[in-house]
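# Structure at a glance
The primary structure of each chain is shown beneath.
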Amino acid sequence: MTSKVALALALIASPLVAVSAQTAAPAKKAVTSANDLPTYNYKLAAAPSELVAGPLEPVLKLADAVLADDAKTVAGYDIKDLATREGLIGRQISAALLRKDVARVKSLAAELRSIQERPDRKLTAGLMTEIVAESCVSANPQATASKLAAERLSKLPYDQLDTWMKQQRAGLSTANPDLLIGSLKQQLDPVVAANGGNVNQAIAASIVGAKAALQCNYQVAPQLAAALGAIIDKQAAAAPKTDIWAERQVTLTEGMKAKPVGVAIWDSGVDMSLFKQASDPVIAIDGDGKVMKDALLRPAGEYAAKAQQLMDLVKGSMDLQAGQMTAEATAFQATVRGLKPEQAKQFSEEMGFVGSYVHGTHVAGIATAGNPFARVQAVSMHWPVKQEELRLSREISERRAAFYKTAVARMKTSGVRVVNMSWRVSPAMFEGILQLQGGMPDAAARKKLAEELFAIEKAGLTEAIKSAPEILFVAGAGNEANDANFADYIPAGISAPNLLTVGAVDKAGREALFTSIGGAVAIYANGVEVESFFPGGQRRALSGTSMASPQVANTAAKLVAMKPEMTGAQLRELLVGTADTQGRVKLLNPKKAFQTAGIAL
């Protein structure tokens, strides 16, 4: 650092000397990927659940340590990634909430809004936190929250923010402090203990955020949910939202001059009884990368007796997020709000199971809709749902990398031409698994190993995809509202002429709140409240880029059925080239793609 004497001399120096002094300062390190960011270790004073439920002072000390490291990161690194910048501000907001510093919360919320790129986020970022902060310091937090929420939320343009309001209400209406404490005690405490009380910055920040939520957010969540509900209910009779997708669709029929087309659903398992099968219908592995037999659909195991009940809970969750107060939505609310701390881990595992159980089948239904020529191959990866069963090692990554190559080779042999990949992994996810395993207390060492193992898998998958130029691989971008390239997701972030990454918009073509973006995301399709099959044949609506990606795969498979000579790269070029630009997104247009390809229907 420059001394006071040197600084004084610099102030009276000639312009040339002054410029030289400025340029002598070390340049910030360019950050092009999440892997470029520094890693920090924290030794916790107590178990996470004890910190969150206990006195405030230890958490304030942890918050100060996190923010001090953030300051070092900002000083030394040139960060342009929006999600990273949001995270830095978000951690400051949590600390300000803990200190009940309303002025600081409002200042940070304004800063958060100022960096947003989307018009809806410029209106909503930090807004709910401002209301929480003001309510938390008042003599009657609940009454204040009701009043402020009614005043401020009613002024927002509902036609632009309806989805945001519905999703906010869904989260607030199921807020349960017992579930928060139970999750920390049953799921996070053992992880921290297994690493000698050491955590990385992500976990440290999550503890600070959980304490702020328990101290403030949970106190007024019912009042905020009620205020949002009043607005949503008032708008229920309004004209239905625009649906731009129906008129764009292309449907094939049995009588058309088309050929069967292999469609691989690389996912979490498929109920193949609902679809026409490819000649080589399935290849599956478990969480360790070992081949599984008879795993067309994820084995239900201990959850078999509750499978239908759990599928109803999934429907209730999605109905609630869509603003539909169905019987299932009401039941989901009651279930989550009624959970006791000791039930947190079991509930998390059950929802993890059912999410994997229904996912691949739902995706397959979207990818094959309106196409009698589609022949499905299930490429299934059955990850554990219990965190103590998640494992990662060099042997496992090498096994999975080999599986990627084997799977693609079998796709080529069985005539698959389109592959949907609604899944993703990243170095950060691998680092999380290593932390769950325990025995690696140093965050930097964990990060380094995670990056090495991820590189093995990324290389294997990239090689496999590029080895099959006749196949178009379609990948979901991710649901973290971040940059898929910056996060280094696979398959979404892989660059290959025959891979197409898809983001999500809603029925009106508006960018979905959750969708990941970035240079890798070349096209967008509807990923909000998309109806398709659950195992057994019932039809339910889900949302996510997982639902947008198979919309693109669906169009690609129909094009191949009618024009089999098209390569993966040609399909990609056609789909992107015929997409309609709306704002910063390019919207899939199946009808235009068919017209441009010269395919008469």
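Owing to the predicted nature of the structure, the values given are computational and were not obtained by experimental measurement.

## Some points on the layout of surface pockets
If you add up the space inside the largest pocket, you get close to 1600 Å³. Elements supplying a minimum of two residues to the lining of the largest pocket: helix 11 (177–194), helix 12 (201–234), helix 13 (307–321), helix 15 (344–368), strand 8 (374–382), helix 17 (427–437) and helix 20 (545–562). Examining the composition of the lining of the largest pocket, we find that 7 residues originate from one element, helix 15, more than from any other. Considering only residue class, the lining of the largest pocket consists of 25 nonpolar, 21 polar and 4 charged.

## Observations regarding the nonpolar core
Counting residues in hydrophobic clusters, the biggest one holds 84 residues, and the most contacted among them are Ile265, Val354, Leu500, Ile523, Val552, Leu559 and Leu575. Considering each element in turn, this core owes the most residues, 11 residues, to helix 15. When near neighbours in sequence (up to four residues on either side) are disregarded, Ile523 contacts Leu500, Thr501, Val502, Gly503, Val552, Leu575, Val576, Ala579, Lys586 and Leu588. By size, the runner-up hydrophobic cluster in this structure holds 62 residues, among which are Tyr40, Val102, Met165 and Ala227.

## Brief notes about the packing of aromatic side chains
For the structure on display, the rule yields 9 aromatic pairs. A centroid spacing of 6.0 Å and a plane angle of 55 degrees characterise the contact between Trp266 and Tyr404, whose relative ring orientation is tilted. Of this pair, Trp266 sits in strand 5 (residues 261–267) while Tyr404 is found in helix 16 (residues 394–413), placing the two residues 138 residues apart along the sequence. You can call Trp266 buried: its relative accessible area is 0%.

## Quick look at helix 5 (residues 82–98)
One full turn of an α-helix is made of 3.6 residues, so residues set three or four places apart face in the same direction. With 17 residues, helix 5 should reach 24 Å at 1.5 Å per residue; the first-to-last C-alpha distance of 24 Å fits that figure. When helix 5 is considered as a whole, its buried residues turn out to be Leu82, Thr84, Glu86, Leu88, Ile89, Ile93, Ser94, Ala95, Ala96, Leu97 and Leu98. Of the surrounding elements, those touching the buried residues of helix 5 are helix 4 (57–76), helix 6 (102–114), helix 7 (119–124), helix 8 (127–136), helix 12 and helix 19 (484–487). Count one or two residues on from helix 5 and you reach Lys100, which has phi positive near 55 degrees.

## Some words on the packing of helix 4 against helix 12
The N-to-C vectors of helix 4 and helix 12 enclose an angle of 135 degrees; their axes lie 10 Å apart at closest approach. With respect to helix 12, the axis of helix 4 lies oblique. Read as a crossing pair, helix 4 and helix 12 show a hand that is left-handed. In contact with Val59, Leu62, Ala63, Val66, Asp69 and Asp70 of helix 4, helix 12 contributes Gln201, Ala204, Ala205, Ile207, Val208 and Lys211.

## Digging into the pairing of strand 12 (residues 521–526)
For strand 12, the buried fraction is high: 6 of the 6 residues fall into the buried class. In this structure, strand 11 (residues 499–505) lies alongside strand 12, joined through 5 bridges in parallel fashion. From the neighbouring strand, Gly503 faces strand 12, where its bridge partner is Tyr524.

## Considering the side chain of Asp70
Turning to its location among the elements, Asp70 is positioned in helix 4. Accessibility expressed as a relative area gives 5% for Asp70, which makes it buried. A polar atom in the side chain of Asp70 sits 2.9 Å from the side chain of Arg91. Not counting the four nearest positions on each side in its chain, Asp70 is found in contact with Leu88, Arg91 and Gln201.

## Some words on unusual backbone geometry
At the junction of Ile490 and Pro491, the peptide bond is cis and its omega measures out at 5 degrees in the coordinates. Inspection of the secondary structure assignment puts Pro491 in the loop between helix 19 and strand 11. Of note, the phi angle at Asp488 is positive, near 65 degrees, even though the residue is not glycine. Within the secondary structure layout, Asp488 lies in the loop between helix 19 and strand 11. Of the residues examined, Asp488 reaches a relative accessible area of 13% and is grouped as buried. One non-glycine residue, Glu529, lies in the positive phi region at around 55 degrees. With relative accessibility at 30%, the residue Glu529 sits in the partly exposed group.

Rules used throughout
Residues numbered from 1 in each chain as written. Predicted model: local features only at pLDDT ≥ 70, side-chain atom pairs only at ≥ 80, totals over all residues. Heavy atoms only, no water. 1 Å grid on protein atoms, 1.4 Å probe; cavity = no way out; pocket = protein on both sides within 12 Å on 5 of 7 lines; lining within 4 Å. Points joined across faces, edges and corners; volume = space filled by probe spheres on them. Helix = DSSP H or I, 4+ residues; strand = E, 2+ residues; numbered from the N terminus. Nonpolar A, V, L, I, M, F, W, Y, C, P; charged D, E, K, R; others polar. Core = buried A, V, L, I, M, F, W, Y, C linked by side-chain atoms within 4.5 Å. Buried < 20%, exposed > 50% of the residue type's maximum accessible area, 1.4 Å probe, protein only. Contact = heavy atoms within 4.5 Å. Phe/Tyr/Trp six-rings, centres within 6.5 Å; stacked < 30°, edge-to-face > 60°. Expected span 1.5 Å × (residues − 1). Axes fitted to C-alpha atoms, helices over the stretch in contact; angles between N-to-C directions. Parallel < 35°, antiparallel > 145°, perpendicular 65-115°, else oblique. Left-handed = near helix turned anticlockwise from the far one by under 90°. Pairing = 2+ DSSP bridges. Polar contact = N/O pair within 3.5 Å; in protein donor to acceptor, adjacent residues only side chain to side chain.

These results come straight from atomic positions and should not be treated as a statement about function.
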